Amino acid sequence: MKYYVRVPATSANLGPGFDCMGLALDVYNEMSVETGHPFSIEITGESANLLPTTRENAVVQAMEVLFERAGNPAVEREWKLTLENHIPVASGLGSSASAIVGGLLLANELVIEAGGQALSHRELLDLAVELEGHPDNVAPALTGGASLSYVDDHGTHTFAIPVPDNLYFVVAVPYFTLHTEQSRTVVPPTVTRADAVFNIAQASRLTLALCTGNLELLRGGFSDRLHEPYRRSLVPGYDDVRHAALRSGALALTLSGAGPSLLAWCTDEVAAWQVADQMTLSWRENGIPCRTEVYRPCLTQTVAVREDV
Ligand code: HSE
């Protein structure tokens with residue numbers, strides 16, 4: 001049997017929604033698992049030469065955790081795993097969330113094939129959050145769209161946030177990587193009341209704009225005081241690229257996840273490509289090559305499907 005899933009890239013935080021808000025974009029890592037073959041992993045695309053082709057691979061690790069949670073049904077651990085990656089690694093676009101979500105969904109299909117009890121959507125989300133450590137990438141990677149999530153004693157709670165159809169996102173990916181663990185070390189563990197209040201206001205403003213579709217509420221850019229001011233130092237050129245994006249017509253600019261990629265929010269496609277050009281230029285002027293793309297939100301739920309072989 002062969003199962004296929006494509007998992008979207010995600011941009012987490014969306015500025016003031018640190019660790020709780022995220023958005024799926026229409027660029028995907030594609031994965032398939034075919035049983036009845038000796039174990040092998042073939043990886044093509046983004047960072048293919050950096051990723052392990054052994055059982056240490058993050059997709060396989062997630063699959064193993066799912067088998068354990070599903071009560072270890074008799075799943076033969078011989079398969080051909082094919083990964084076609086389009087999400088850059090350690091760039092702030094949710095590549096690790098995609099590996100987790102893809103691995104869990106593929107493994108769930110193998111559990112069903114083996115006659116075991118598959119995990120529910122809710123259980124999959126809880127497990128993905130447990131593996132990733134925070135919900136803001138894995139929730140939209142699993143459900144699509146934009147979401148607001150938090151974890152309490154009862155598990156993960158996720159709410160869909162509507163995404164107005166005129167939003168275009170410029171993603172600028174510089175040619176250096178930044179691992180989330182490193183980027184989290186600079187974020188202070190406590191904040192002042194003034195900064196907390198500021199962030200509540202900004203996150204509410206963003207939610208209001210997305211829910212009402214009145215993007216003018218975002219004009220001038222919304223901002224964050226919990227993580228971006230501290231992470232800026234890890235992203236050379238951040239201020240210049242931000243100004244270039246806002247000056248050339250972006251509504252707002254946010255660090256994508258833990259960085260270093262930057263996400264410019266635009267309301268039409270032509271403007272988005274102009275913003276992309278200005279961001280590329282500005283980062284180049286800082287001595288940092290980067291690539292830019294314009295993406296739309298991915299609005300569909302992520303599901304694994306059986307393929308005929
Ligand atoms: N919320 C996470 C962070 C996203 O900002 O560290 C990156 O994984």
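**A few points about helix H2 (residues 95-113)**
Two residues of an α-helix separated by three or four positions point the same way, owing to the 3.6 residues in each turn.
Part 1: Taking 1.5 Å per residue, 19 residues should reach 27 Å; H2 reaches 27 Å between its end C-alpha atoms and fits that length.
Part 2: Most of H2 is tucked away, with 15 of its 19 residues classed as buried.
Part 3: Immediately downstream of H2, the backbone of Gly115 shows phi near 80°, a positive value.

**Let's talk about the packing of helix H8 (residues 238-247) against helix H9 (residues 269-285)**
Part 1: Between H8 and H9, the shortest axis-to-axis distance is 8 Å and the interhelical angle comes to 155°. Here H8 lies roughly antiparallel to H9, going by the angle between them. Helix-helix and strand crossings are classified by hand; for H8 and H9 the assignment is right-handed. The segment H8 lies against H9, with Asp240, Val241, Ala244 and Ala245 engaging Val275, Gln278, Met279, Ser282 and Trp283.
Part 2: Taken together, the residues of the contact of H8 with H9 sort by class into 6 nonpolar, 2 polar and 1 charged.

**A look at the domain arrangement of the protein chain**
Part 1: Each assigned domain of the protein chain is listed here: domain 1 (2-160 + 297-307) and domain 2 (168-295).
Part 2: Computed over C-alpha atoms only, the centres of domain 1 and domain 2 are separated by 25 Å.
Part 3: Domain 1 puts 23 residues into the contact, and the matching count from domain 2 is 33 residues.
Part 4: When domain 1 packs against domain 2, close to 2000 Å² is buried across both sides, 64% of that on carbon and sulfur atoms.
Part 5: Of all residues in domain 1, Pro16, Phe18 and Ala90 bury the most surface against domain 2, accounting for 28% of the area lost on that side.
Part 6: Summed over the shared surface of domain 1 and domain 2, the number is 2 salt bridges.
Part 7: Note that Arg184 is salt-bridged to Asp19, the shortest N-O span being 2.7 Å.
Part 8: Where domain 1 packs against domain 2, one counts 11 residue pairs in polar contact (both at pLDDT 80 or more).
Part 9: Where the side of domain 1 that touches domain 2 is concerned, the elements lending two or more residues are strand S1 (2-12) and strand S2 (21-35).

**Some remarks on the packing of aromatic side chains**
Part 1: The full count for this structure, using the stated rule, is 5 aromatic pairs.
Part 2: Centroid distance Phe67 to Trp79: 6.1 Å. Interplanar angle 50°. Geometry classified as tilted. Here Phe67, found in helix H1 (residues 58-69), pairs with Trp79, found in strand S4 (residues 79-85); they are 12 residues apart in sequence, far enough to count as distant.
Part 3: Phe67 gets classed as buried once you look at its relative accessible area, which sits at 0%.
Part 4: Connected via pairs of aromatic rings, a cluster forms that spans Phe39, Phe67 and Trp79.
Part 5: The lysine or arginine in question, Arg6, covers the ring of Tyr28, its NZ or CZ lying 3.8 Å from the ring centre.
Part 6: Above the ring of Phe198, the side-chain terminus of Arg225 is found at 3.7 Å from the ring centroid.

**Some words on the site of the ligand**
Part 1: Taken together, Ala12, Asn13, Phe18, Asp19, His134, Asp136, Asn137, Thr180, Arg184, Arg231 and Ala258 make up the full set of residues near the ligand.
Part 2: Asn13 has a polar side-chain atom sitting 2.8 Å from an oxygen atom of the ligand.
Part 3: With the chains in place, 96% of the 260 Å² that the ligand exposes on its own is no longer accessible.
Part 4: Using a 2 Å cut-off from the grid points, one finds that the ligand occupies the largest pocket.
Part 5: Each residue belonging to the shell around the ligand can be placed in one class, and the counts come to 3 nonpolar, 4 polar and 4 charged.
Part 6: The two domains that each donate at least three residues to the shell around the ligand are domain 1 (2-160 + 297-307) and domain 2 (168-295).

**Notes on the sheet that holds strand S7 (residues 168-174)**
Part 1: Strands sit in the order S8-S9-S7-S10 across an open sheet of 4 strands; the sheet is antiparallel. At either margin of the open sheet sits one strand with a lone partner, and together these are strand S8 (252-255) and strand S10 (290-295). The average angle at which neighbouring strand axes cross in this sheet is 20°, direction not considered.
Part 2: Pairing of S7 with strand S9 (residues 262-266), which is carried by 5 bridges, proceeds in the antiparallel orientation.

The rules behind the values
Residues numbered from 1 in each chain as written. Predicted model: local features only at pLDDT ≥ 70, side-chain atom pairs only at ≥ 80, totals over all residues. Heavy atoms only, no water. Helix = DSSP H or I, 4+ residues; strand = E, 2+ residues; numbered from the N terminus. Expected span 1.5 Å × (residues − 1). Buried < 20%, exposed > 50% of the residue type's maximum accessible area, 1.4 Å probe, protein only. Axes fitted to C-alpha atoms, helices over the stretch in contact; angles between N-to-C directions. Parallel < 35°, antiparallel > 145°, perpendicular 65-115°, else oblique. Left-handed = near helix turned anticlockwise from the far one by under 90°. Contact = heavy atoms within 4.5 Å. Nonpolar A, V, L, I, M, F, W, Y, C, P; charged D, E, K, R; others polar. Domains from an automatic or database assignment. Buried area = accessible area lost by both parts, 1.4 Å probe. Salt bridge = Lys/Arg side-chain N within 4 Å of Asp/Glu carboxyl O. Polar contact = N/O pair within 3.5 Å; in protein donor to acceptor, adjacent residues only side chain to side chain. Phe/Tyr/Trp six-rings, centres within 6.5 Å; stacked < 30°, edge-to-face > 60°. Lys NZ or Arg CZ within 6 Å of the ring centre and 35° of its normal. Near = heavy atom within 4 Å. Areas by Shrake-Rupley, 256 points an atom, 1.4 Å probe, with all protein chains shown as cover. 1 Å grid on protein atoms, 1.4 Å probe; cavity = no way out; pocket = protein on both sides within 12 Å on 5 of 7 lines; lining within 4 Å. Sits in = over half its atoms within 2 Å of the grid points. Pairing = 2+ DSSP bridges.

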